[in-house]
Amino acid sequence: MNNAKTISHYEDEEQLFFPDSSFSTRANIQNTQIYDSAWVDYKNYWMGEAQKLHWFKPWDKVLEWHSPFAQWFVNGKLNACYNCLDRHLEGWRRNKAAIIFEGELGDRQVWTYQDLHREVTRFANVLRGMGVNKGDTVTIYLPMIPEAVITMLACARIGAPHSVVFGGFSAGALRDRISDAESRVIITADGCWRRGKAIPLKSNVDEAISQCPTVEKVVVVQRTRVEVKMEPVRDVWYHEIMRKTPAGCQCEIMDAEDVLFILYTSGTTGKPKGIVHTTGGYLTGVASTHRNVFDLKEDDVYWCTADIGWITGHSYVVYGPLANGATILIFEGAPDYPGKDRFWEIIEKYRVSIFYTAPTAIRMFMKWGESWPQGRDLSSLRLLGSVGEPINPEAWHWYHKNIGRGRCPVVDTWWQTETGSIMVAPLPGITPVKPGSCTKPLPGVFVDVVDENGKPVVPGGSGYLVIKRPWPSMLRTVYKDPQRYIDTYWSRFAGMYFTGDGAKKDKHGYIWVRGRVDDIINVSGHRIGSAEVESALVEHPAVAEAAVIGRSHELKGQAVTAFVTLREGVIWATELEDDLKNHVAKRIGGLARPEEIIYAGELPKTRSGKIMRRLLRDIAEGRVMGDISTLADPSVISQLLERKIAI
Ligand code: ATP
Ligand code: MG
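Because the structure is predicted, anything quoted here is derived from the model rather than measured.

About the criteria used
- Residues numbered from 1 in each chain as written.
- Chains lettered and ligands numbered in written order.
- Predicted model: local features only at pLDDT ≥ 70, side-chain atom pairs only at ≥ 80, totals over all residues.
- Heavy atoms only, no water.
- 1 Å grid on protein atoms, 1.4 Å probe; cavity = no way out; pocket = protein on both sides within 12 Å on 5 of 7 lines; lining within 4 Å.
- Points joined across faces, edges and corners; volume = space filled by probe spheres on them.
- Helix = DSSP H or I, 4+ residues; strand = E, 2+ residues; numbered from the N terminus.
- Nonpolar A, V, L, I, M, F, W, Y, C, P; charged D, E, K, R; others polar.
- Near = heavy atom within 4 Å.
- Polar contact = N/O pair within 3.5 Å; in protein donor to acceptor, adjacent residues only side chain to side chain.
- Areas by Shrake-Rupley, 256 points an atom, 1.4 Å probe, with all protein chains shown as cover.
- Salt bridge = Lys/Arg side-chain N within 4 Å of Asp/Glu carboxyl O.
- Buried < 20%, exposed > 50% of the residue type's maximum accessible area, 1.4 Å probe, protein only.
- UniProt positions renumbered as here; feature names shortened; annotations may be inferred.
- Phe/Tyr/Trp six-rings, centres within 6.5 Å; stacked < 30°, edge-to-face > 60°.
- Lys NZ or Arg CZ within 6 Å of the ring centre and 35° of its normal.
- Contact = heavy atoms within 4.5 Å.
- Pairing = 2+ DSSP bridges.
- Domains from an automatic or database assignment.

## Details of empty space enclosed by the protein
In this structure the tally under the stated criterion is three cavities of 30 Å³ or more. Counted as a void, the largest cavity has a volume near 50 Å³. Every residue lining the largest cavity is listed: Y45, W46, S288, T289, N292, I422, M423, L427, L442, P443 and V445. Taken together, the elements giving at least two residues each to the lining of the largest cavity come down to α3 (42-50) and α10 (280-293). With three residues, α10 is the largest single contributor of residues to the lining of the largest cavity. When grouped by side-chain class, the residues that make up the lining of the largest cavity number eight nonpolar, three polar and no charged.

## With respect to the site of ligand 1
Taken together, the neighbourhood of ligand 1 is formed by 20 residues, with T265, T268, T269, T417 and K610 sitting nearest. K273 is positioned with one of its side-chain polar atoms (N or O) 3.4 Å from an oxygen atom of ligand 1. At 3.1 Å from a nitrogen atom of ligand 1 is found a main-chain nitrogen or oxygen belonging to G388. Coverage of ligand 1 by the protein chains reaches 95% of its 640 Å² of free accessible surface. For the shell around ligand 1, the secondary-structure elements that each account for two or more residues are β21 (410-413) and β26 (511-516). Per-class residue counts for the shell around ligand 1 are four nonpolar, nine polar and seven charged.

## Considering the pattern of salt bridges
In total, this model carries 49 salt bridges according to the counting rule given. Residues R363 and E545 are paired through a salt bridge, measuring 2.7 Å at the closest nitrogen-oxygen approach. Placement of the pair is R363 in helix α13 (residues 359-368) and E545 in strand β29 (residues 543-553), with a sequence separation of 182 residues. Under the relative-accessibility criterion, E545 is labelled buried at 9%. Taking the shortest distance from any N to any O, the salt bridge between K505 and D448 comes out at 2.9 Å. On the criterion of sequence distance, the pair formed by K505 in strand β25 (residues 497-505) and D448 in strand β22 (residues 447-450) is long-range, its members being 57 residues apart. Relative accessible area serves as the criterion here: at 15%, K505 is assigned to the buried category.

## Let's talk about the UniProt feature "binding site: CoA" (unreviewed entry) in the protein chain
The sites that UniProt annotates as "binding site: CoA" (unreviewed entry) are R194, R195, G196, K197, T312 and S524. Separation in sequence by 331 residues is matched in space for these annotated residues, since their most distant C-alpha atoms are 51.4 Å apart. With respect to the secondary-structure elements, G196 resides in the loop between β10 (191-194) and β11 (197-200). Residue G196 is classed as partly exposed on the basis of its relative accessible area of 31%.

## What to know about the packing of aromatic side chains
Tallied over the full model, the rule gives 43 aromatic pairs. Judged by centre distance (5.9 Å) and plane angle (90 degrees), the ring pair of F169 and W310 falls under edge-to-face. Within this pair, whereas F169 is found in the loop between β8 (162-164) and α7 (171-181), its partner W310 is found in the loop between β17 (301-304) and α11 (311-323), the two being separated by 141 residues in sequence. Residue W310 is classed as buried on the basis of its relative accessible area of 11%. Geometrically, the ring pair formed by W490 and Y497 is edge-to-face, given 5.7 Å between the ring centres and 70 degrees between the ring planes. When the ring centre of Y35 is taken as origin, the NZ or CZ atom of K440, which lies over that ring, is 4.2 Å away.

## Comments concerning the environment of G320
Summarising the element assignment, G320 is placed in helix α11. Since its relative accessible area comes to 0%, G320 is described here as buried. Taking C-alpha positions, G320 is 36 Å from V543, a pair spaced 223 residues apart along the chain. Beyond its immediate chain neighbours, meaning those up to four positions away, G320 contacts V286, A287, H290 and S315.

## Concerning the sheet that holds strand β9 (residues 185-189)
Spatially, the eight strands line up as an open sheet ordered β13-β12-β9-β7-β8-β15-β16-β24, and their pairing is mixed. Of all the strands in the sheet, just β13 (235-237) and β24 (477-478) have a single pairing partner and so form its edges. Pairing of strand β7 (residues 138-141) with β9 involves three bridges; the strand directions are parallel. Each residue of the ladder has a partner; that of T139, found in β9, is I186.

## What to know about the domain arrangement of the protein chain
Examined at the domain level, the protein chain breaks down into domain 1 (80-260) and domain 2 (524-646). For domain 1 versus domain 2, the separation of C-alpha centres amounts to 40 Å.

## Details of the UniProt feature "binding site: Mg(2+)" (unreviewed entry) in the protein chain
Per the UniProt record, the feature "binding site: Mg(2+)" (unreviewed entry) sits at V538, H540 and V543. Here V538 shows up in helix α17 (residues 530-539). With residues near it in sequence (within four places) discarded, V538 still touches N392, E394, V543, A544, E545 and A546. Structurally, the position occupied by V543 is in strand β29. Contact partners of V543, with chain neighbours within four places excluded, come to L537, V538, V564, T565, L566, R567 and L580.

## Quick notes on the pairing of strand β18 (residues 327-331)
For β18, the buried fraction is high: five of the five residues fall into the buried class. Burial along β18 is two-sided: the face carrying T327, L329 and F331 and the face carrying I328 and I330 are both buried. Of the pairings in the sheet, the one linking strand β5 (residues 97-102) to β18 comprises four bridges and is parallel in character. When the bridges of β18 are listed, E102 appears paired with F331. Sheet topology places β17 next to β18; three bridges connect them, and they run parallel. Looking at β18, one finds that Y302 is bridged to I328.

See the structure below:
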């Protein structure tokens, strides 16, 4: 990538946004030297962050590194659940709201730390009663309800790694994950609410486990009261068994390197990988970044919209915020039910102060139009976050203006299931931001952009995003497949972790993630980032969302092909196609001009809302479709195929 010319229009996005002094003078981190001191001695930096947790026994050594296998806080003993609950019970925080829950139908629950502790210890006893021991993996397949948090923490309490499977996954995807994890106990619900309808869940479990011989017990939370088949002995109701079980359960003393959970990646680039995270380093990473990046204050109402089934849900709904004693908001339903202002209504109602969501959601809000947030009081908000994909400058500005009302810092956070916690993001009190860039690596994190040979690119250059030193919340391995761990992450560049993402580093050292390296398009020897072309297309007032791929082309090597969805009220026409092509050419250059633009009703996305460009490439090149097990809506693909858009 170093020698090829790189085409980018991001250069002109050099508008700097400095934190407001009313924000920065109250920020948790005000001293810019934090970057330098953590650079000089990163182990010491992370040790300081780890000391903010509760340890039953301190570590002997901060880091033991036999590349690529790391051990952090060697021989330290702690428990993640103890850190998220018990330690908050000593003072007044015991009566603080830990969870504010809004159900899809408008029902509400508030759980204090004390309430949560009681329920979690009770469920930990239920699990122990079922013979679940330290090291046994429990599969959780639940909607976004408080029981999802309760059961995760109960697993952590007794040292049973959890494997949370997103509630929107099919029986087949669930079966694969249960088999891989060899779970004996599954936790699910009868169903969940979605746009006013009860969607069954338990029936998926029944189907999945008919092929999973390891499963002995299924615990079923009653949520919708849809009819379910309960298999005698095997299936038990959560509320019934809880009634019979006492609260109060001793924590398992866990080693820092004992497994906390397994989680499968989103499957954007291929078959999902079972990522393994351990206890001490992971908790250190998530608690530290949650406090610093979101500038958490004691009285914040913090809302991360991610589902518990994704890493963002694990790290920034459950473990980070609760380790910090925060009040978290959990919402069960959809953003457009009963109205397209449901999110803004919730923010208004609960006075949410920190809001963390994904670009895919922001682009959807843009598509619906700004009148929806306009009618709501969003004055409680003080910080906004973004995660999951590059946020195109257009969406950033929309978010900043219409949700943040121009007042709130926006933190764009780059990280992965594998990194466990945020790696590149601004510290909102001290780091000026540029819309579209996730800014600089956090203190103690050594992210860089390198060329083909692993040499750092010069300022302004593009290349591969890597991490050069171990970090506490890094994945330890791929479940049951250490070779895949080595091959996928540690083989491309000697001694460095390869993220799979391409990025540009600008003259201020700011990082601009340009998408997956597999998605970078090579037109006649010029490298064009899919993210840049998409960004240019989304700037156009007619376009809601865009996905850009390179398809093979006899002369140019690859040709740019774009798929677009339109904003509400816009009608597709040939003139619009020409207009869009010209717009891209004007914005980025003639080489980036799409060869064809295809109007799509919807784009294929993973269940976590990311665009699956590899499937669009398969369509454009007429190939057999790759792994689609994590595709949100298979009908999107058949619709695209029906239009015979294969070129
Ligand atoms: P798989 O690894 O199975 O293909 P996935 O990479 O989509 O799935 P995740 O771990 O959920 O699974 O996503 C991490 C990826 O999301 C990153 O590698 C990056 O491509 C993208 N990403 C996350 N946050 C950002 C961000 N703020 N800016 C740009 N890209 C981001
Ligand atoms: Mg990935």
